[in-house]
Amino acid sequence: MNSPTPTPTPLEVALERYQTALNYLDTSHHKSLEKDQALEILIVRNDLQKQLESEAEISVDMYSKLIEQDNRLKQKSYKITQVLDLAEYRETLPIAEKAWWWNLDSRESLHPYNRFDWLLRIVKLVLLGVNFTLIGTIATRFLSGSSGLLEIGGVIFSTFISLLQTENALTRTRQKGFVKLMKLFQVPEYWYEEVQFFVTVMVFAVLLTIWLNFSGFSGLYNQQGKYLQLQLSPPNLALAEENYLKAINLNRENLDAHYNLATLYEELQDLDNAKKHYLIAAKGGYIDAYNNLAYWYLRDNKNAEAVELLEKAKILLAEKDQKLDQFTEDEKRNLELQKYSIYKNLGWARFKQNRSEDAIPNLSVAIGIAGNPAYQKFIPNPGAAFCIYAQLLQKQHKKSLAKENWRKCLKLAEGKLINTEEEQWLYEARKNLK
């Protein structure tokens, strides 16, 4: 006769219920646990704990089974935290301190997708450090002096995102907002680390793109400055100066910005600053800066210094001539305009030095360019070279040739903006043609 099956103890019943409830976790990775099923697992584990505490003696076999089932729960805890906001339950229910199953959201997830999370965290923290360095560099360059709302907003947004990520990365208490946001968009918990990593990489990519394109932004600010100075009517010189300074701050090798800023300071009669930026542009091989500096020296009767600068500019012009076949039509025309200014001023300098034999060849080149209709209309005052040449001929007592050049000087000066020297030359032309 078979012996009767022993009646299971209350602890064995509770453990059996726990094991049965845990079977809900044995679903595929892509199938979500039902909220009621997840809650049932935790309640059953809670009841099991009460039963454990009421038992006077627990066998080793029971302990082994309990540890085995608890490990099942821990390994797939992500399925419960994915559907339950355990923080809400902890606020409402009287939960004992040792009830770790109500704190599964604070445990490391063992989802297969999370096995490389440690590596993502390390890379993320490194990138966060780089991001803050880039933000500091960008803020220093863009926010120097006066800045627009776009620049300020961009830096503040990048800083805010990086600070938010740092708080999430370093403090768990700050992750509540992030978790709520992820749940709002129904993002599974095992993607949380990847989402934070992706955002960090995106911020890094944006900041790196800005940093690598400082020269491009510098060019845009320079163009905006030129528009405000030369095309806007009336010109906004104060705002143009801000744009030029910002262009230089973003790229100190932007010679065009240095040159344009120098012309602006010259227009404002801030001659010290104008000379400073002309020198920077000239040292970088900017031909127009050589010419403008030389013009200043000529006005101050520093003829030797002017000649030295203009001879250097001629060397740069010769180097450009060797690449003429690579130039566009506009670039070729601009080269001829540069030649006109350099050779005209060099002829003037030699004339002032009483070196007519050196002045005439240079003035001849300038006159040839000024007499060409293709270039004449683009030269600010094409008659200037004829005025200087007429003075030289007058000094050599070649009055007939001088008068011919005085006439061309007057004719080509009509409707042109002239400076003080050219105004005096026109006066001489009228006097000699009477």
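What you are looking at is a predicted structure, and each value in this text was computed from that prediction instead of being measured.

A.B. asks: I tried to follow the packing of helix α6 (residues 117–142) against helix α9 (residues 192–212) on my own but got confused; where do I start?
C.D. replies: For any two helices packed against each other, one specifies the crossing angle of their axes together with the interaxial distance. For the pair α6 and α9, the least separation of the axes is 9 Å and the interaxial angle reads 30 degrees. Looking at the two axes, α6 sits roughly parallel to α9. As α6 runs across α9, the sense of the crossing is left-handed. Of the residues that constitute the contact of α6 with α9, the class distribution is 17 nonpolar, four polar and five charged.

A.B. asks: Just to check I follow, could you spell out the nonpolar core for this structure?
C.D. replies: When a protein is soluble and globular, its nonpolar side chains tend to lie buried together. Ranked by size, the top nonpolar core spans 74 residues in total, and within it Tyr278, Ala289, Tyr340 and Trp348 carry the most contacts. Dropping the residues within four chain positions of it, tyrosine 278 is found in contact with Tyr259, Ala262, Thr263, Glu266, Ala289, Asn292, Leu293 and Trp296. In terms of nonpolar packing, the next biggest core, distinct from the first, is built from 26 residues, Tyr18, Ile41, Leu42 and Ala99 among them.

A.B. asks: Hey, could you run me through unusual backbone geometry in this one?
C.D. replies: Most of the time, phi is negative for any residue but glycine, and the peptide bond is trans. The residue after serine 233, namely proline 234, is reached through a cis peptide bond having omega -5 degrees. On the secondary structure map, proline 234 appears in the loop between α10 (214–231) and α11 (237–250). Positioned with a positive phi, asparagine 301 is a non-glycine residue whose angle comes to about 60 degrees. By the secondary structure assignment, asparagine 301 is in the loop between α14 (287–299) and α15 (303–321). Accessibility expressed as a relative area gives 55% for asparagine 301, which makes it exposed. Positive phi values are uncommon outside glycine, yet asparagine 354 reaches one of about 60 degrees. Take asparagine 354: it is sitting in the loop between α16 (329–352) and α17 (356–370). The exposed category is assigned to asparagine 354, whose relative accessible area is 53%.

A.B. asks: Could you clarify how one ought to interpret a nonpolar patch on the surface in this entry?
C.D. replies: A surface patch of nonpolar side chains, about 510 Å² in accessible area, is lined by Trp118, Leu119, Ile122, Val123, Val126 and Val130. Here isoleucine 122 shows up in helix α6.

A.B. asks: Would you mind going over the pattern of salt bridges with me for this structure?
C.D. replies: Applying the stated rule across the entire model yields 15 salt bridges. Its salt-bridge partner being glutamate 421, residue arginine 299 comes within 3.4 Å of it at the nearest N-O pair. In this pair, arginine 299 is assigned in helix α14 and glutamate 421 in helix α21 (residues 420–433), connecting sequence segments 122 residues apart. Residue class for glutamate 421 comes out buried when judged on its relative accessible area of 17%. Here lysine 408 ties to glutamate 404 by a salt bridge, and the two come within 3.8 Å at their closest N and O atoms. Placement of both lysine 408 and glutamate 404 in helix α20 (residues 399–413) is noted, with a separation of four residues, approximately one turn of the helix.

A.B. asks: Where do I start with the state of the cysteines in this structure?
C.D. replies: The full count for this structure, using the stated rule, is one disulfide. A sulfur-sulfur separation of 1.7 Å characterises the disulfide bridge that pairs cysteine 387 with cysteine 409. A torsion of 50 degrees about the S-S bond marks the disulfide between cysteine 387 and cysteine 409 as right-handed. Here cysteine 409 lies in helix α20 and cysteine 387 lies in helix α19 (residues 384–395), a separation of 22 residues in the sequence. Classification of cysteine 387 as buried rests on a relative accessible area of 3%. Look at cysteine 409 and you get buried, because its relative accessible area is 0%.

Procedures and definitions
- Residues numbered from 1 in each chain as written.
- Predicted model: local features only at pLDDT ≥ 70, side-chain atom pairs only at ≥ 80, totals over all residues.
- Heavy atoms only, no water.
- Axes fitted to C-alpha atoms, helices over the stretch in contact; angles between N-to-C directions.
- Helix = DSSP H or I, 4+ residues; strand = E, 2+ residues; numbered from the N terminus.
- Parallel < 35°, antiparallel > 145°, perpendicular 65-115°, else oblique.
- Left-handed = near helix turned anticlockwise from the far one by under 90°.
- Nonpolar A, V, L, I, M, F, W, Y, C, P; charged D, E, K, R; others polar.
- Core = buried A, V, L, I, M, F, W, Y, C linked by side-chain atoms within 4.5 Å.
- Buried < 20%, exposed > 50% of the residue type's maximum accessible area, 1.4 Å probe, protein only.
- Contact = heavy atoms within 4.5 Å.
- Patch = residues over 30% accessible without salt bridge, like charges linked within 9 Å, V, L, I, M, F, W, Y side chains within 5 Å.
- Areas by Shrake-Rupley, 256 points an atom, 1.4 Å probe, with all protein chains shown as cover.
- Salt bridge = Lys/Arg side-chain N within 4 Å of Asp/Glu carboxyl O.
- Disulfide = S-S within 2.5 Å.

Interpretation in functional terms is not warranted from these geometric data alone.
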